[in-house]
Structures are given as C-alpha cells and as structure tokens.
Amino acid sequence: MTQLTFPENFLWGTATSSYQIEGAAREDGRGPSIWDDFCRLKDAIQDGSDGSVACDHYHRYREDVALMKALGLKAYRFSIAWPRVLPAGRGAVNPKGIGFYDRLVDELLAAGIRPFVTLYHWDLPSALNAQGGWTNRDSAGWFADYATVVVKALGDRVKDWITLNEPWCSAYLGYEFGMHAPGYQDQALASKAAHHLLLAHGTALQAIRAAGDANTRVGITLNFEPNLPASESEEDRRAAAEAFDLLYEGFAEPILTGAYNERILARMAGVEIRPGDMAIIAGRNDFMGVNYYSAKLISAQRGAVYDDDPEFTRMGWAVRPAGLYAILMQLHRATRGRLPLYVTENGASFADQVVDGRVHDERRVAYLRAHFTQAHRAIQDGVDLRGYFVWSLIDNFEWSFGYQQFFGIVRVEYATQARIIKDSGYYLRDVATANAVL
Ligand code: IFM
C-alpha cells in the first residue's frame, strides 16, 4: 500500500477559541463580551449554559499544553479574548489579561509548539457593542488598535497571526439570523457588519505588520461550504459552478480580488462603501486559513439536495470530504497557487461514550482520515497547503448548542474538568508522528 505522506515541515495541530474554553469570565479584570450578554437571553443557548467556566483552560492551560506535547503536535491555534486585554474594548490595557497569553505563549514555545494566534473569534467587548459593534464603521479602527496592543506584547514570540475567525458567522449569524451574539435579526445590519469586518481585517493587516517584525505573517480564517455537483452530469456541474455561494463570494472574493461581485453588491445596498475601502480589504495576506466541515450538493433539476447523504454528524452536517479538496483547489486556482493555505479548522461532533476510561470514537477517526486524504490529494495536485489544525483540542462550549456538542479529540468531564484523550487524539498523534495518513 502506498503511504500518503505529507510534505516535510507540514504542521499538524489543533484549534480552540477563547470563549469556548477559557472560563474565568470575571477574573483578573476581564470585561464583559457580547457572548456573556447573549448567553443570558432566554432560550439563546440550547442547554441554558454559558462560557463562564467552560473548560477552565484559564487555570489549566499548562495541563492542556502538556496534552498537545504528549500528542506530538507541533502547532496550536488559539484566540485572544479582546475584553481580557482591553476590558472596555479601547483605551486602558489590562496587564493581567495580556499576562495570561504571555504565559500561554511561553508554555507553548517551551513545549516546541508553534502558536497561531487568532485576534478575533467572536467575543467582542460589550462596551463596543453599545456603540454599534461591527455595524459601526469605527470598528475597523478599534480592531486595528487592539491588534497593535497584542502584537506589541506578544510579537517577539508569536509570528503567525490570524485577524478574524469566520467573519460570515460574526456578520450573518450575529446580525441577521440572531443565532449568535449579539443576536439581532436584520439583514441590513448584517451586510454593514460584513463590510466593516472585511475593512477591519484589511486595516489590521497593516497595523500588525507595523507592530511586528520581518518574520511576522498574517492572514485570515474563513469558513467555506462549497457547492458540489450532485452528479457528474454536465448540467449538475454547471449548476454547482453557477449557484450562489455567499461564503466564498462575500468574503474570499473581495479579499482576493478587491471587488464585490454584482450578487454581493445587490445585498450591500445601503452600505457605505468609501473609495479606498476595497483596496484596504484586498491588502496582502501571507496565508489564508480554511475552515471546512461540510459542502452543499447542487442538482440542476432539484437545486440543493439533502436526500442522498451518506452520513451526518451530531451537528446535522453532511460528511462530504470531497468538499475539502474542492475548496482547496478553488482557492489554489483563484490565487494561481501564490497564497499558502492552512486548514485552520476541520473536525466533527459525535456523541461519545466513555467505556472503561477510554473513548473509542471510531466515527471521528474515520471522518479525520477521509479529510486528511482529501488534503493530501489537493497537495498532490499542486495546492500549497502548509498545515492542518483539527477542531478541536478539547470538547468545549459550542455556542448556541452549549455543552451538547463534542468536537474534541480530548474529552472533558465537565464535573471534574478531567481530560481523557479519545482514540481520535491518539490517531492524530500517530498521523502527526508519521506525517502521513494512516
Ligand atoms: O466551534 C466552532 C468554532 O468556534 C468556529 N468554527 C466552527 C466550529 C464548530 O461549529
């Protein structure tokens, strides 16, 4: 059997985000965020929970870094809680907030793990939301100022920066569908927020480079759900290629081309787009992060089809590994291979069980194997893919689903905060060690 070996120096790691794992929501001067507020709204979170304790990572980060080291992982993507660093969103810096990330970075480096730091993974300071949050055009400047503070504090050791995580979710789940903080339901607000998030990304690119050094690399993480043809027929292929894809057209395309297409402009009616905005949005990235979980099947006759899916995860997402190959190739073609890519999230929630102290999560192992295989196939076909971060290191607070979804390769027993490495964790260790799909 031929082994599917990855390129030398390929980075294997896991990803998390601040509000989903840290807890300690009211400790050491952290200010409130829109997620603290949103969780208090009636019925906002399915199990009525919040992230105030989560995985208690704020106190257990040493144990969590030791887990990564034991699993042989060479990279870790985590996010910084803006309200820990700037409790009011702007102005006074909280030294204890920066202090936490300072210790975390040192711990990672001592364990030989390269930090990839996301500056915004959805926990906007409440004080900024009171001023309109992402619907306020000033948010781009607020974000760049915050980025400057963090890069000045950690940039001597952190070289890989991600501005935003999944701005589609911040804009549309947060301002149009009401499923995420701040919980609004207004399409016009969502379009405004989307433009300002892109502007914030572009403005922060410049700020991060100014605050960093010659080795600073900066990019953005976007979520994708590509349109796949439901069959190999010519008409299904055409239908899939022509079907609207807000995730790609609304976010990747303006970043890569400096323009919104007609379909996006139609949604942007009423949004102030100033001369110069698009050039800022299309500023140079050193890489792009790809978050991939599922894809849509498009049929010329039936539109989006859901009925011939082989398998769904606990989130109700269809398992379609071929979509990972498709989006990596699409980005490769769009950038003529000039922009390095990372899979910054991929993983699956399944209902795990502990049996004799072990978690035999064979469905998650199979999911990961199938997706690693597609990533390998993309590399074979020329994609400059540099690393792969599995979502997630540990089970955690899955936003409006609370603690009822399980994405970790390590289980968390929330009553005791004990960590149990699942079979998928050992599988990732073996893949990372062999640098090959096993
Ligand atoms: O948990 C989330 C993460 O915060 C962002 N990307 C998708 C994951 C699974 O839903």
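Residues numbered from 1 in each chain as written. Predicted model: local features only at pLDDT ≥ 70, side-chain atom pairs only at ≥ 80, totals over all residues. Heavy atoms only, no water.

Please clarify how the site of the ligand should be interpreted in this entry.
Contacts to the ligand come from Gln20, His121, Trp122, Asn165, Glu166, Tyr293, Trp317, Glu345, Trp391, Glu398, Trp399 and Phe407. At a separation of 2.7 Å, an oxygen atom of the ligand approaches a polar side-chain atom of glutamine 20. Between the ligand and the protein, one listed contact pairs a nitrogen atom with a side-chain N or O atom of glutamate 166 at 2.8 Å. Protein chains shield 95% of the accessible area of the ligand, which is 280 Å² for the free molecule. Its residues placed into classes, the shell around the ligand shows six nonpolar, three polar and three charged. (Near = heavy atom within 4 Å. Polar contact = N/O pair within 3.5 Å; in protein donor to acceptor, adjacent residues only side chain to side chain. Areas by Shrake-Rupley, 256 points an atom, 1.4 Å probe, with all protein chains shown as cover. Nonpolar A, V, L, I, M, F, W, Y, C, P; charged D, E, K, R; others polar.)

What should I look at first to understand the sheet that holds strand β7 (residues 227-229) in this one?
Across a sheet, strands are paired by hydrogen bonds formed along the backbone, either parallel or antiparallel in direction. Taken in spatial order, the three strands of this open sheet run β7-β9-β10, and their pairing is mixed. A strand with exactly one partner marks an edge of an open sheet, and here the two such strands are β7 and β10 (303-305). Mean inter-strand twist for the sheet, computed between neighbouring axes without regard to direction, equals 50°. Note: β7 against strand β9 (residues 296-299), three bridges, orientation parallel. Paired with proline 229 across the bridge in β9 is isoleucine 298. (Pairing = 2+ DSSP bridges. Helix = DSSP H or I, 4+ residues; strand = E, 2+ residues; numbered from the N terminus. Axes fitted to C-alpha atoms, helices over the stretch in contact; angles between N-to-C directions.)

I tried to follow the side chain of aspartate 36 on my own but got confused; where do I start?
Looking at the secondary structure, you find aspartate 36 in helix α2 (residues 34-39). By relative accessible area, aspartate 36 is classed as buried at 10%. For aspartate 36, the side chain forms a polar contact with the side chain of arginine 30, separated by 3.0 Å. Beyond its immediate sequence surroundings of up to four residues, aspartate 36 is in contact with Tyr19, Ala25, Arg30 and Gly31. (Buried < 20%, exposed > 50% of the residue type's maximum accessible area, 1.4 Å probe, protein only. Contact = heavy atoms within 4.5 Å.)

What is the right way to read the packing of helix α9 (residues 187-211) against helix α11 (residues 246-257) from this model?
The angle between the axes and the distance between the axes are what describe a pair of packed helices. α11 packs onto α9 with a crossing angle of 35° between their chain directions and a minimal axis gap of 11 Å. Along this stretch, α9 crosses α11, giving a crossing that reads as right-handed. The residues of α11 that touch α9, namely those facing Ala194, Leu198 and His201, are Gly250, Phe251, Pro254 and Ile255. Here the residues of the contact of α9 with α11 are counted per class, giving five nonpolar, two polar and no charged. (Left-handed = near helix turned anticlockwise from the far one by under 90°.)

I tried to follow unusual backbone geometry on my own but got confused; where do I start?
If a residue is not glycine, its phi is most likely negative; likewise, a peptide bond is most likely trans. At the junction of alanine 181 and proline 182, the peptide bond is cis and its omega measures out at 5° in the coordinates. Positionally, proline 182 belongs in the loop between α8 (167-175) and α9. In this structure, serine 392 follows tryptophan 391 across a cis peptide bond, with omega equal to 10°. Tracing the backbone shows serine 392 in the loop between β12 (385-391) and β13 (410-413). A positive phi angle, near 45°, is found at alanine 54, a position not held by glycine. Its place among the elements puts alanine 54 in the loop between α2 and α3 (57-70). Since its relative accessible area comes to 4%, alanine 54 is described here as buried. Even without a glycine there, the phi angle at tryptophan 399 is positive, about 50°.

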